[in-house]
Every structure is written in C-alpha cells, then in structure tokens.
Amino acid sequence: VGYGAYRIYGNYQDNKSAQAEEVYETLMAATLNKDLPKAQKIAEDLEARFPSTSYASMAGLVAANLAYLVNDNASAMKQLRWVEDNSKNAGLKNIARDRLIAMLLDVGDAPSLADADTLLKKSVAPGFEALFLERRGYWYLVQNKKSEALTSTTQQTKWLWRQAMAIFVFLI
C-alpha cells in the first residue's frame, strides 16, 4: 500500500511538472516577443497553479527581467518578491533576493533601504555568501558609510580567497 501511494504521488508530481513546463514554454515565447502583459499573466498563472514547481520560480524571474527591461520596476519587484517568498529552490530564491536588493538600492529612499537591510539579514544558501557580502557593501555605500562598505568588501574578498584556496588544495 505504501509503495502504491508513493508511485501515485510520484506520477502526480510528474504530471504537474509536465503541465508547468508547457505553460513555461508559452511564457518564453511571450518573453521573446517582449509582450509584458502576456508574460505577466502567464507567470501569475504558473505561480497560482504550480507554486511548488521550479517552473513557477523561473517564470517569476523571467517575468521580472522582462518587466525591468521595459522599465516597469514595480512589476519586476512584485515578481521577485513572489519568488523570494515562495520558491522551494534555495538558489532561485537567492537570485530573486539579490535582484530585489539591487533594485531597492537603486531606489535609495529610507523605506527601500530598510527593506533591503531586512532581506540582507536573511540566511543565504551556500555559494551565495560573497554576492550578499557585496550587496551589503553597496547598502553601506548608498548611505555614505564608506568604512563599513570597505569592511564588507574586505570580508567578501577574504571569503572568496578562502574558497579559491580550498579549490586549489583540492586540485593538488
């Protein structure tokens, strides 16, 4: 009985993933045509119908990128927030968070900087540490806190150096 239930659930997940892939392909076509309203509608449909799939998160990132390219920053931020809040994939979640922080730093007002600070305080998936140390440095720099920005950049450089040395030692 347990194995049968496991197989049924696996088939159900495979079916949902295949359906999500089909919808994602239509999103890519709309994106190639730079049709933002259609791309947003498709991305929102994917997010609503298949929220636990990676396709929903990827759709949010694609729609956010298209919105950014056509200067619709509010829509881009909305999509990035959805991915950051709902993605099951830590890598996609961190990519969305990074892009959202960058956009908030570009706005540069007090509420945006506070929001960016909150996002920067969240835990980071392995492999993204240096990127978020860099963003923290930019966060300080936007506020004219040059010594703190330098400290963050120094931490980033040390982290990257440690990673490079670990790879070097592994290769020897």
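Residues numbered from 1 in each chain as written. Predicted model: local features only at pLDDT ≥ 70, side-chain atom pairs only at ≥ 80, totals over all residues. Heavy atoms only, no water.

## So, the packing of aromatic side chains
Aromatic rings in a pair are described by how distant their centres are and how their planes are angled relative to each other. The condition that has to hold: Classification of ring pairs uses Phe, Tyr and Trp, with its six-membered ring standing for Trp, and accepts pairs whose centres are within 6.5 Å; under 30 degrees between planes counts as stacked, over 60 as edge-to-face, and the remaining range as tilted. In this description a helix means any DSSP run of H or I spanning at least four residues, a strand means any run of E spanning at least two, and both kinds are numbered starting from the N terminus. For the exposure calls, accessible area comes from a 1.4 Å probe over protein chains only, and a residue counts as buried if that area is under 20% of its type's maximum, exposed if over 50%, partly exposed in between.
Evaluated as defined, the whole model comprises two aromatic pairs. The interplanar angle of 50° and the centroid separation of 5.5 Å between the aromatic rings of Tyr24 and Tyr55 together place this pair among those described as tilted. On the criterion of sequence distance, the pair formed by Tyr24 in helix α1 (residues 2-32) and Tyr55 in helix α3 (residues 54-69) is long-range, its members being 31 residues apart. Side by side, Tyr24 and Tyr55 carry an identical accessibility label, which is buried. Judged by centre distance (5.1 Å) and plane angle (65°), the ring pair of Trp139 and Tyr140 falls under edge-to-face.

## Side note on the nonpolar core
For the record, the criterion: Residues enter a nonpolar core if they are buried and are Ala, Val, Leu, Ile, Met, Phe, Trp, Tyr or Cys, with the set joined through side-chain atoms within 4.5 Å. Contacts are assigned to residue pairs with any non-hydrogen atoms lying within 4.5 Å of each other.
Of all hydrophobic cores here, the largest spans 40 residues; its most connected members are Tyr24, Leu27, Leu46, Leu80 and Ile101. Looking at this core, the elements with two or more residues in it are α1, α2 (36-49), α3, α4 (73-86), α5 (90-107), α6 (110-120) and α7 (129-142). Among the elements that take part in this core, α3 stands out by supplying nine residues, more than any other. Setting aside residues no more than four positions away along its own chain, Leu80 makes contact with Leu61, Ala64, Ala96, Arg99, Leu100 and Met103.

## Topic: helix α8 (residues 146-171)
Selection rule: Multiply 1.5 Å by the residue count of a helix minus one, and that product is the helix's expected span.
The end-to-end C-alpha distance of α8, which contains 26 residues, comes to 37 Å, matching closely the 38 Å that a straight helix rising 1.5 Å per residue would cover. Those residues of α8 not exposed but buried are Ala149, Ser152, Gln156 and Trp159.

Limitation: the analysis is restricted to geometry and does not speak to function.
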